Structure formats: C-alpha cells, structure tokens
Amino acid sequence: MPAEHEPEPGTVPEPARAPAPTRAAAPAAPRPVPSWARKGDGDGGPTPGAADADEADGADGAKSRRFPSVTRDTARPEGGGRAAPGDAPAPARQWPMLAVLAATAAGLLLTAVGHARGGCLLIGIAMIAGSLMRRLLPSVGMLAVRSRFTDMVTYGLLGVAITLLALVMEPKPWLNVPFLETAVRFTVR
C-alpha cells in the first residue's frame, strides 16, 4: 500500500502550496474628479452636500465612470472658469462678459440717440469681439455658456449679421448689395 504523501503511479504530483498570507487590502486611492464633474461654488471646490454623491458609489467605494441616472447639477462649459484670480474683485473676474455688455449698452445708447448705424456697428463688433475672446482666451467666465465651438459660432454669426445689417442700412448704405433690393421687393410684395 502506498504512503499517503506519495502520488499514485500515472498521476502528476501537486506542488506544495504555501498558505496565502492574510493581510488587509489596502484602500484604493481616490481617483481625481474631473473639473467639469465637480459640484461647487464656481471654483471647483466641493459643496457641503457633496458627501451625498459619495454614498451612491458601490460598496467597495470605487467611483463609477458612468453618468448618474439623475443629475443634480449642470457641467460647467469648457473655459467657464474665472477670467482673473479668485482673490480679484467680482467685476475683474468677469471682465470678458462685462466688456461685451458695456460695448452692447453703448451701441444701444447710440441707437437711442439717433445714430442707428453707429450703434448697430458697435453691437455687431462687440459680438464679434466676444467670439474672438471665446476662441483665444483660456477662461472667459460667464461669457462661456455652451461649448467653446458653439459659443464662437453663435457670437460670430450674430455679430456678422448685425454688422452687415448696419452696413446696408438706409439711407445711403455703406455696402451696396446688388440683389438685395430685388430680394426685398420680391418678399414684401
């Protein structure tokens, strides 16, 4: 009769197994939260109620990469951060938006006092400047409403349209478009 520790003939002996060491699993390092996914007061910091989102994670504490089925906030548009450091006064942090609003207000004032062409040109140029700022500056504050591309196209098209309307404005248009008079007659009649 063979011994208990010897294998039977024709079988492969099992290697000796060492008992697995028992140690506590190290806690996983938290993954950084992307800036667009942070909830907060505008500077990317957490809010007092942000701990509620951590309870929705799995039992092991791992963050899910999927969007939640119910959202509680809207993601900040790309480039929607402050245009100046956080310690600057509020108007300085939003200077791109204030510049476009000031130029638009000046254009409306010009239009109200009887200089319609100059006022419309100023409004159109302000919108084009807003489009250029949205393209060139990394952070434009509240001037960022949608994605960078959508904001650029929207501001740019509105600015060009308002500028062109100011240039063809009667009396004595600065830009003469040959088919415009025929198109207006055709659509009005």
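Preceding this section is the structure that the text describes.
Numbers given to residues run from 1 along each chain, matching the order in which its sequence is written. In keeping with the model being predicted, local features are shown solely for residues with a pLDDT of at least 70 and side-chain atom pairs are shown and tallied solely at 80 or more, while totals for entire chains, interfaces and linings include all residues. The side-chain quantities take in all heavy atoms of the structure and omit both hydrogens and water.

1. Section: the overall build of the protein chain
Short version of the rule: Strands are runs of DSSP state E lasting at least 2 residues, helices are runs of H or I lasting at least 4, and numbering of each runs from the N terminus. Type-normalised accessible area, obtained with a 1.4 Å probe on protein chains alone, sets the label of each residue: buried when under 20%, exposed when over 50%, and partly exposed for intermediate values. Shrake-Rupley sampling with a 1.4 Å probe provides the accessible areas, and residues are treated as covered by the protein chains on show and by no other component.
Looking only at helices and strands, one finds six helices and zero strands in the protein chain. Tracing the protein chain from N to C terminus, the helices and strands come up as α-α-α-α-α-α. Looking at the protein chain residue by residue over its 189 residues, the buried ones come to 20%. Of the accessible surface of the protein chain, which amounts to about 14,700 Å², a share of 64% is contributed by carbon and sulfur atoms.

2. Quick look at helix α5 (residues 148-167)
We apply this condition: Here, expected helix span is obtained from the residue count minus one, scaled by 1.5 Å. When we speak of the arc, we mean the arc of directions from the helix axis to the C-beta atoms. Two residues form a contact once any of their heavy atoms are found within 4.5 Å.
Along its 20 residues, α5 runs 28 Å from first to last C-alpha, staying within 8% of the 28 Å computed at 1.5 Å per residue. Those residues of α5 that sit buried are R148, D151, Y155, G156, G159, T163 and A166. Buried residues of α5 fall within an arc of 115° about the axis and therefore sit on the same side. Exposed residues on α5 whose side chains face more than 90 degrees from its buried face are F149, L157 and L165. In this structure, the buried residues of α5 make contact with α4 (116-136).

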